[in-house]
Amino acid sequence: MAKKLMKGNEALGEAAIQAGCRYFFGYPITPQNEIPSYLSRKLPEVGGVYLQAESEVAAINMVYGAAGAGARVLTSSSSPGISLKTEGISYIAGAQLPCVIVNIVRGGPGLGGIQPAQSDYFQATKGGGHGDYRLVVLTPSTVQELVDLTMEAFEIADQYRTPVMILGDGIMGQMMEPVEFNPPKKRELPEKTWATTGCEGREPNVTNSLHMAAEDLENHNLNLLAKYKEIAQNETKYESYETGDADIVLVAYGTTARICKTAIAELRKEGLKVGLIRPITVWPYPDKAFEEVMDTAKEFVCIEMSTGQMVEDVRLAVNGRKPVHFYGRTGGVIPSPQEVADKIREIAGGVK
Amino acid sequence: MDWVRVWEKPKSLTDKMLHYCPGCTHGIIHKIVAEVMDELEIREKTIGVAPVGCAVLAYNYFNCDMQQAAHGRAPAVATGIKRVHPDKVVFTYQGDGDLASIGAAEIVHAAARGEKITTIFVNNSIYGMTGGQMSPTSLVGQVTTTSPFGRDENHAGSPIKISEMLATIQGAAFVERVSVHNVPHIMKAKKAIKKAFKLQLEGKGFGIVEVLSTCPTNWGITPVEGLKWLEENMIPYFPLGNLRDPEKEAK
Ligand SMILES: Cc1ncc(C[n+]2csc(CCOP(=O)(O)OP(=O)(O)O)c2C)c(N)n1
Ligand code: SF4
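Residues numbered from 1 in each chain as written. Chains lettered and ligands numbered in written order. Predicted model: local features only at pLDDT ≥ 70, side-chain atom pairs only at ≥ 80, totals over all residues. Heavy atoms only, no water.

Colleague: Explain the interface of chain A and chain B here, please?
Modeller: One widely used convention gives an interface's size as the accessible area the parts lose upon coming together. Contacts between the two partners involve 32 residues from chain A, matched on the other side by 31 residues from chain B. The contact between chain A and chain B buries some 2,500 Å² in all, and 58% of this surface belongs to carbon and sulfur atoms. When the buried area of chain A at its contact with chain B is split by residue, Glu54(A), Asn61(A) and Cys199(A) rank highest and sum to 19% of it. Our count for the contact surface shared by chain A and chain B stands at three salt bridges. Taking the shortest distance from any N to any O, the salt bridge between Arg202(A) and Asp65(B) comes out at 2.7 Å. Our count for the contact surface shared by chain A and chain B stands at 18 residue pairs in polar contact (both at pLDDT 80 or more). For the side of chain A that touches chain B, the secondary structure elements donating two or more residues are strand E2 (23-26), strand E3 (49-52), helix H3 (56-68), helix H4 (79-95) and strand E9 (206-207) of chain A. (Contact = heavy atoms within 4.5 Å. Buried area = accessible area lost by both parts, 1.4 Å probe. Salt bridge = Lys/Arg side-chain N within 4 Å of Asp/Glu carboxyl O. Polar contact = N/O pair within 3.5 Å; in protein donor to acceptor, adjacent residues only side chain to side chain. Helix = DSSP H or I, 4+ residues; strand = E, 2+ residues; numbered from the N terminus.)

See the structure below:
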């Protein structure tokens, strides 16, 4: 298929349709508005439904209903909207329903701003909503990857009956790049025998997250845990970029990873051996990528558009074996490759 | 002598024992909803949405596909279901804390969209499940655990008349308030609920039946006194009757 120049948000919408998603429920918020706009035009063409909800709270609960009824369903929002959606996300995780949730992150806290940020990392990876649950969190760093991961997200969601989040940022959403739409490798997906479709010819189905007896809920949580372990084993994704000989290993995801790659090119010209670990899933976190470089790397530097959130996972992965540094810009300020390079030069000065 | 069967439990109810308190009319309302499902022969094409509140376990009692929703969000969940299965019958069953308080926006907008679902709104003027707190439909002067001196209008506002409010919304095709405090009214309530489901089958738009219900436990009175309290205190403020009906409006 020929490549097409597309804006990230629109490409995401198209990817969802091509992945078989026919339902979208959302509420406007910058900088992800092109996703609902695109889908409001395109979903009716394929017999699908776009519906603008009265709030993010309603939107995610419509997603709950549609997912429980057996559909492939998508919602998208940005930071303050995702905060409102966390109620529903917790229920969806509890009821084990598959859906895809997009967060095109903007700076916070509160109303914050509308510029790109990575400050929702804690919210995305450490729960957000209440209870013992995890989200699979995918972090594309090109528009092509945004497309590929969106398609994959629906497969992961259906395979494990779990909500999957695409964690992008304003740049990912607004940037234009050439993309092609290639469906992901077909998985063997279980039939949705649990869906509420009307109980003709079978016993009634119930979607539910209530477990009144403590032992029942504990069992439920342990079953979820077993599922999350299986997901971690099968679905962890990362990219190791020029890490083979690297003394200094940068760690960054999404847009920041691209900035790091530019900085690495500059630093390598100067003879500095710098590489990058780019988590593609930030939950499950790619600890394995760190083991692969632990013997050779001397220092790790986490680069983020936040005051330091993912750096905590980097520290956990490194577990005290090597120094971990952090450099971040926040509030919607995008770090330049030069300032990242400067930070690395400063650290390299101290590397023995 | 041959036995003549004069009553049997509706097929749309399971055999599970209801957990409701003695004298609570939630059980009666469950039964008439189930009878209506039987009579319309829609059990196998119905998807119900259970609320948060005393009816949280409704999915154990209705013998059809059910989804359990977060507090107040049942109309949104039902919207998601109905959009996926427009040919199925979708209903929500919600209390007054659920529908009139935390879920006020969801019900208003489901009505505004003319969402083709049926809502059974069980109004007992109190939060039953959490132990008798004031609800948006608690009456002025009503003593609850969080209005210990009686609901004061100047402090806590006045009780919301949900049916009247929703009846002003264009998309609300059917709105009726009924009560289940005695047999004639139970029969009227059933008629209204049946009509609401029928209108959904005809694709007419959003339908809601507000059912005045008792909570003897949290009202702190006996079941019989409860029925009387409903009649004497709730009905004057929440008058019974139909507020929207497409048949009436067509005339
Ligand atoms: C988000 C959220 N807030 C609060 C609660 C606690 N809660 C459970 S039931 C209930 C009130 C239910 O009252 P109502 O809807 O009137 O139903 P009833 O129990 O009277 O039948 C509340 C506040 C909850 N489960 N979830
Ligand atoms: S607490 Fe009130 S509403 Fe709840 S079951 Fe008991 S009597 Fe019924």
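Don't stop here, the text continues.
Colleague: I'm lost on the nonpolar core in this one. Help?
Modeller: Within soluble globular proteins, side chains that are nonpolar tend to cluster in buried spots. Phe25(A), Leu74(A), Phe290(A), Phe300(A), Met310(A), Val314(A) and Phe206(B) are the most contacted members of the largest nonpolar core, which totals 122 residues. Examining the composition of this core, we find that 10 residues originate from one element, helix H6 (residues 143-160) of chain A, more than from any other. Counting only domains with at least three residues in this core, you end up with domain 1 (4-235) and domain 2 (238-348) of chain A. Contacts of Phe206(B), omitting those with residues within four sequence positions, involve Ile107(B), Ala110(B), Ala111(B), Gly114(B), Glu115(B), Ile117(B), Thr119(B), Leu166(B), Gly171(B), Ala172(B), Ala173(B) and Phe174(B). Counting 38 residues, the second largest nonpolar core, distinct from the first, contains Ile29(B), Ala55(B), Phe91(B) and Phe197(B). (Core = buried A, V, L, I, M, F, W, Y, C linked by side-chain atoms within 4.5 Å. Buried < 20%, exposed > 50% of the residue type's maximum accessible area, 1.4 Å probe, protein only. Domains from an automatic or database assignment.)

Colleague: Would you mind going over the packing of H3(A) against helix H3 (residues 74-84) of chain B with me for this structure?
Modeller: In a pair of packed helices, the angle between the axes and the distance between the axes together describe the arrangement. As a packed pair, H3(A) and H3(B) sit with axes 6 Å apart at the nearest point and diverge in direction by 45°. With respect to each other, H3(A) and H3(B) are oriented oblique. Crossing of H3(A) against H3(B): the hand is right-handed. For the pair formed by H3(A) and H3(B), the contact residues are Ala58(A), Asn61(A), Met62(A), Tyr64(A), Gly65(A) and Ala66(A) on the first element and Ala76(B), Val77(B), Thr79(B), Gly80(B), Ile81(B) and Val84(B) on the second. (Axes fitted to C-alpha atoms, helices over the stretch in contact; angles between N-to-C directions. Parallel < 35°, antiparallel > 145°, perpendicular 65-115°, else oblique. Left-handed = near helix turned anticlockwise from the far one by under 90°.)

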